[in-house]
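Understanding the architecture of this molecule
This is what each chain is made of:
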Amino acid sequence: QILFATLILLIGCKNEANNKNVEKNKITTIVKKDFELVNASDSKALLIIFPGGGSTSKETKEEFNIIEKATSKGISVLLMNFNRHLWIENQDSKQLTELITKAIEEHKLNTNKIFIGGMSIGGTVALTLSDYLFKTNSVLKPKGVFVVDSPIDLFALYESSQKDIARKDFTEERLSEPKWIINYFEEQFGGKDSLLTNVQKVSPLTLATKNIDNIKNLKNKKLRFYTEPDTLWLKENRQTDFESSNAYTLQKTKELLSNNNWKNVELIQTKNKGYRINGERNPHSWSIVDVNDLINWIVK
């Protein structure tokens, strides 16, 4: 699974921007510690976006070129700074719900059409939070959820880390991430006998047991899984086989959900679209999302 130094980013902190308001062409931007809101005055929908590990709302805006096009269609965008969680539990979901609800009330946002999405671990958060909103009968029930190359099966992440540390050709630097993941998971979920049982309590789904209980409330909602399967890039840059990638997990998740009669799930696989804003080739990037198509998916 691709997390790209999540172990460092999860525990690192970044300076947040000070509060400020900027109004231009009926678009109001509010920057706070926990989020940045770009509010379209004629807002017809609200898009809530969670960043990848360690990233901020500022970096999401830079890498994900959606703000201008979204607001031109009457979609307000709430960019979250919640960025250091491989998974969330009920208390986290409760706090996020309260935070988002307060932002909506303070800025009089339209809640008739809410969509939630995220990049990498942000997509994992988006899925879990969205299910929680339905489970608790929140007024914030999303119409759709999307994830961008996210590690939504935590047990698969643990298993791929186990495969990594068994490799004899990896450097200590390359092994640092899987070693951290294994140690952290075993600390949080117990040893091998209890880990699978306990990880399923927080993982959005678990392919090994075909467990989809933690997203069952999303069955009739619109779901999108974005990924760019690039086996050559994985081999050259991560020395990783395809079966250990997020792309593989998302493929298998789509199969599992379809077999369970989920009608509104899309797997969107791209080719050669993954690039960072600095031009670096990386399939684990916001750029794999076709912004115009995503906006059409929201407004239709």
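Everything that follows concerns the structure shown earlier in this document.
Our subject in this report is the structure included herewith. These numbers were taken from a predicted model, which means no experiment stands behind them. (Residues numbered from 1 in each chain as written. Predicted model: local features only at pLDDT ≥ 70, side-chain atom pairs only at ≥ 80, totals over all residues. Heavy atoms only, no water.)

**A few points about the overall build of the protein chain**
Which entries qualify depends on this criterion: Only DSSP runs of H or I reaching four residues or more are called helices, and only runs of E reaching two or more are called strands; each is numbered from the N terminus. For a compact globule the rule gives 2.2 Å times the number of residues to the power 0.38, and the radius of gyration it is set against comes from C-alpha atoms. Exposed residues in this analysis have more than 50% of their type's maximum accessible area, buried residues have under 20%, and partly exposed residues fall in between, with area computed by a 1.4 Å probe over protein chains only. Contact between two residues is taken to exist if any of their heavy atoms lie within 4.5 Å; hydrogens are not considered. The method behind every accessible area is Shrake-Rupley, applied with a 1.4 Å probe, and residues are considered shielded solely by the protein chains displayed. Counted charges follow a simple rule, with Lys and Arg positive, Asp and Glu negative, and His plus the chain ends left uncounted. For charged residues, the charge sits on one atom: NZ in Lys, CZ in Arg, CG in Asp, CD in Glu.
Looking only at helices and strands, the protein chain has eleven helices and nine strands in total. Whereas a compact globule of 300 residues would reach a radius of gyration of roughly 19 Å, the protein chain reaches 19 Å, a difference of no more than 12%. Here the protein chain holds 300 residues, and 53% of them are scored as buried. Long-range contacts, defined as pairs at least 24 residues apart, comprise 75% of the intrachain contacts of the protein chain with a sequence gap of at least 6. Summed over all atoms, the accessible surface of the protein chain reaches about 14,100 Å², with 46% contributed by carbon and sulfur. Put simply, the protein chain has 42 plus and 37 minus side-chain charges, and the middle of one group is 6 Å from the middle of the other.

**Concerning the nonpolar core**
What counts here: Among buried residues, those of type Ala, Val, Leu, Ile, Met, Phe, Trp, Tyr and Cys that are joined through side-chain atoms within 4.5 Å constitute a nonpolar core.
Within the largest apolar cluster, 38 residues are counted, with the highest numbers of intra-cluster contacts made by I48, F50 and L223. At six residues, helix α5 (residues 121–135) tops the list of elements feeding residues into this core. In contact with L223, other than residues within four places in its own chain, are L127, V145, L218, L257, W262, N264, V265, E266 and W297. Counting 27 residues, the second-largest nonpolar core is a separate cluster that includes V38, I67, W286 and V289.

**Considerations on unusual backbone geometry**
In this model, K108 sits at a positive phi of 50°, which is unusual for a non-glycine residue. For K108, the location among the structural elements is in the loop between α4 (90–106) and β6 (114–119). A relative accessible area of 74% means that K108 is categorised as exposed. Residue D149 is not a glycine yet carries a positive backbone phi of 50°. Here D149 lies in the loop between β7 (144–148) and α6 (154–165).

**Regarding the pattern of salt bridges**
The criterion, for reference: Any Lys or Arg side-chain nitrogen located within 4 Å of an Asp or Glu carboxyl oxygen qualifies as a salt bridge.
Throughout the structure, instances matching the rule amount to 15 salt bridges. For D293, the salt bridge is made with R224, and the minimal N-O distance between the two is 2.9 Å. Placement of D293 in helix α11 (residues 291–299) and of R224 in strand β8 (residues 222–227) is noted, with a sequence separation of 69 residues between them. Relative accessible area serves as the criterion here: at 4%, R224 is assigned to the buried category. Taken together, the salt bridges that share partners define one network made up of R224, E266 and D293.

**Observations concerning helix α10 (residues 246–259)**
Counted only if it meets this: Any helix carries an expected span of 1.5 Å times its number of residues minus one.
Between its first and last C-alpha, α10 extends 20 Å over 14 residues, near the 20 Å set by a 1.5 Å rise per residue. Residues of α10 that are buried: N246, A247, T249, L250, T253, L256 and L257. Buried residues in α10 make contact with β7, α6, β8 and β9 (265–269). N261 sits one or two residues past α10 and shows a positive phi near 70°.

By themselves, these observations are geometric and do not establish any function.
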